[in-house]
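Working through the structure, step by step
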Amino acid sequence: MEKRIAVILGDGIGPEVTHQSIKVLNAIAAKYRHNFTYTYGLMGAIAIDKTGDPLPQHTIDICRQSDAILFGAIGHPKYDNDPIAKVRPEQGLLRLRKELQLFANIRPVTTYPSLHHLSPLKEKQLQDVDFIMYRELTGGIYFGKKELSDDGTEASDLCIYNKNEIERIARLAFVSAQQRRKKLTLVDKANVLETSRLWRKTVQEISSDYPDVKLDYMFVDNAAMQIIVNPKQFDVVLTENMFGDILSDESSVISGSLGLLPSASLGVSSALFEPIHGSYPQAAGKDIANPVGSILSAAMMLDYFGLYNEAAEVREAVAWTLTNGFVSQDIDPENPHYTSTIGEFASDYISNDIPPNINAKNIAFGKATII
Ligand SMILES: NC(=O)c1ccc[n+]([C@@H]2O[C@H](COP(=O)([O-])OP(=O)(O)OC[C@H]3O[C@@H](n4cnc5c(N)ncnc54)[C@H](O)[C@@H]3O)[C@@H](O)[C@H]2O)c1
Ligand SMILES: CC(C)[C@H](C(=O)O)[C@@H](O)C(=O)O
Ligand SMILES: [Mg+2]
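As named in an unreviewed UniProt entry, the protein chain is 3-isopropylmalate dehydrogenase, taken from Ginsengibacter hankyongi.

Right under this line is the structure:
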């Protein structure tokens, strides 16, 4: 299979983690005789530095000409700490999502028994947790009108949704539930917000098209608590843009680290794959970030291409690195491995280059020694 992949490395740890995904995709391509070609575009702080624009037209063009987009992360402290900067790295990502109409952001949350000890939650709460969040990505408060008064003392962000925006992601979430455990939870704040009441009404209306799916509703404040005390109750969670942003970072503590969670952002004719974490500037350039969220995003890309066996093999490679202790500092601070080592091991596993009796303890921060 031939696929053109647009790659946006971005800022901070974006390049380091994305390079591991490319290693893994190359191992898959070699093993299964696919031809993946990569075209690189700038976005974020690096794009501002080089072109003055967080999303240069060239990047939009290569994304449009690709079959899928692999993205790292954007963001830089010099903008985070400057509340009056007019041009910001995040504008690049938001514009790209809007331009390509990437309206459905899909964030699966799984747990690995070998990582249960890392979660602040108790073991019994972690067993059998497996849910998927459908986060609306191109509407709501992120994209409503923003205003700042002339004297700079008052500001507003408008939260706005229309029926069509709600319905198109809700239908994807219902179909996903049909293929899973047939439960859909709409998370909103319908006791307060007009937009949330429109979400409930719209989702209620279309639910009759999916009679096999049990629909329930939860207020977002309760959901934030339930995700911690009883995460296994969830199957598919459907929610608006900002609630989904916050609840998905929260959900990563179930898995054990923000560095583990992947995502897919699907649109009308484009698809973008990115870990849910940000540019983690404190780790930039140190080769210590967890690449698993990015590698699992590449697996979601393979699923999107219809390469289900290949995607499963990438997930198997990741599970193998995790259970054998080839993990980064966030997972095992006592015996951490480099980002690049984890990427190499995952790709070697796929290429069948990994001897079965490798000793994880001997390869911390270095090459494997065989026992
Ligand atoms: N999609 C994106 O590109 C995206 C997402 C979130 C934040 N951001 C941007 O990233 C910058 C930093 O934001 P932040 O510190 O709030 O969030 P962040 O996700 O970058 O990091 C928060 C914390 O999570 C942990 N973490 C994140 N990724 C990790 C990884 N791969 N491996 C191990 N640990 C990891 C670290 O402890 C880190 O301090 C900001 O400029 C923000 O706007 C970008
Ligand atoms: C960087 C930021 C604009 C982005 C968001 O809020 O959507 C990020 O937090 C994410 O989760 O992808
Ligand atoms: Mg976020």
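1. Some thoughts on the UniProt feature "binding site: substrate" (unreviewed entry) in the protein chain
If you check UniProt for "binding site: substrate" (unreviewed entry), the listed places come out as R97, R107, R135 and D221 in our numbering. Spatial dispersion of the annotated residues is evident: they stretch over 125 residues in sequence, and the largest pairwise C-alpha distance comes to 26.7 Å. Along the chain, the position of R107 falls in strand β4 (residues 104-110). Here R107 falls in the buried class, since its relative accessible area comes to 3%. Those residues in contact with R107 that lie beyond four places of it in its chain are F131, I132, M133, R135, G244, D245, S248, P262, S263 and I276. Side chain to side chain, R107 and N105 meet in a polar contact 2.6 Å long.

2. Some points on the confidence of the model for the protein chain
Scored by pLDDT, the protein chain has a mean of 94; 95% of the residues are at 70 or more. Scoring of the predicted complex yields 0.95 for pTM and 0.99 for ipTM.

3. Thoughts on the site of ligand 2
Around ligand 2 sit E90, L94, R97, R107, R135, Y142, D245 and I276, and those are all the residues in its vicinity. A distance of 3.0 Å separates an oxygen atom of ligand 2 from a polar atom in the side chain of R107. A distance of 2.9 Å separates an oxygen atom of ligand 2 from a polar side-chain atom of D245. For ligand 2, the protein covers 79% of the area, taking 320 Å² as the surface of the free molecule. A total of three residues in the shell around ligand 2 trace back to one element, the largest contributor, which is helix α5 (residues 89-99). The residue makeup of the shell around ligand 2, split by class, is three nonpolar, no polar and five charged.

4. Describing the site of ligand 1
Around ligand 1 there are 21 residues in total, and I74, D80, E90, G278 and Y280 lie nearest to it. Between ligand 1 and I74, the relevant distance is 2.9 Å, taken from an oxygen atom to a main-chain nitrogen or oxygen of the residue. E274 is positioned with one of its side-chain polar atoms (N or O) 3.0 Å from a nitrogen atom of ligand 1. For ligand 1, whose accessible area on its own is 800 Å², the fraction buried by protein is 71%.

5. Points about the nonpolar core
I5, L25, F36, L184, V203, L238 and L302 are the most contacted members of the largest nonpolar core, which has 60 residues in total. With eight residues, the single largest contributor to this core is helix α11 (residues 292-304). Both domains that furnish three or more residues to this core are identified here as domain 1 (1-109 + 257-371) and domain 2 (120-255). Excluding residues within four positions of it along the chain, L25 makes contact with I5, F36, Y38, L70, A298, M301 and L302. By size, the runner-up hydrophobic cluster in this structure holds 18 residues, among which are V129, A223, V237 and L261.

6. Quick notes on the UniProt feature "site: Important for catalysis" (unreviewed entry) in the protein chain
Within this numbering scheme, the UniProt entry marks Y142 and K189 as carrying the feature "site: Important for catalysis" (unreviewed entry). Along the chain, the position of Y142 falls in the loop between β5 (130-136) and β6 (146-148). Setting aside anything within four residues of it in sequence, one finds Y142 in contact with L94, R135, N241, M242 and D245. As for its position among the elements, K189 is in the loop between β8 (183-188) and α8 (194-207).

7. A few points about the pattern of salt bridges
As enumerated under the stated definition, the model contains 23 salt bridges in all. K189 is the partner of D221 in a salt bridge, and the nearest nitrogen-oxygen pair spans 3.1 Å. A residue pair is termed long-range when its members are at least 10 positions apart, and D221 in helix α9 (residues 220-229) and K189 in the loop between β8 and α8 qualify at 32 residues. Judged by its relative accessible area of 45%, D221 is partly exposed. Each of the salt bridges in this network shares a partner with another, and the network as a whole consists of D130, R180, R181 and D235.

Calculation notes
- All residue numbers here refer to positions counted from 1 along the written sequence of the relevant chain.
- Labels follow written order: the first chain is A, the first ligand is 1, and so on.
- With the structure being a predicted model, the display of local features is reserved for residues of pLDDT at least 70 and the display and counting of side-chain atom pairs for 80 or more, all residues being used for whole-chain, interface and lining totals.
- Only hydrogens and water are set aside when side-chain values are computed; all heavy atoms of the structure are taken into account.
- UniProt positions are given in the numbering used here, feature names are shortened, and annotations may be inferred rather than shown by experiment.
- Helix and strand definitions follow DSSP, with helices as H or I runs of at least four residues and strands as E runs of at least two, each counted in order from the N terminus.
- Think of it in three bands: with a 1.4 Å probe and only protein chains considered, a residue is buried below 20% of the maximum accessible area for its type, exposed above 50%, and partly exposed in between.
- Throughout, a residue-residue contact means that at least one pair of heavy atoms, one from each residue, lies within 4.5 Å.
- Two N or O atoms form a polar contact when they lie within 3.5 Å of each other; inside protein one atom must be a possible hydrogen donor and the other a possible acceptor, and for residues adjacent in sequence the pair counts only when both atoms belong to side chains.
- Per-residue confidence from the predictor is reported as pLDDT, a score between 0 and 100.
- It suffices for a single heavy atom of a residue to lie within 4 Å of a molecule or strand for the residue to be listed as near it.
- All accessible areas in this document rest on Shrake-Rupley with a 1.4 Å probe, and a residue is counted as covered only by the protein chains that are shown.
- Gly is placed with the polar residues, together with every amino acid not listed as nonpolar (Ala, Val, Leu, Ile, Met, Phe, Trp, Tyr, Cys and Pro) or charged (Asp, Glu, Lys and Arg).
- Residues belong to a common nonpolar core when they are buried Ala, Val, Leu, Ile, Met, Phe, Trp, Tyr or Cys residues joined through side-chain atoms within 4.5 Å.
- The split of the chain into domains comes from an automatic or database domain assignment.
- Any Lys or Arg side-chain nitrogen located within 4 Å of an Asp or Glu carboxyl oxygen qualifies as a salt bridge.

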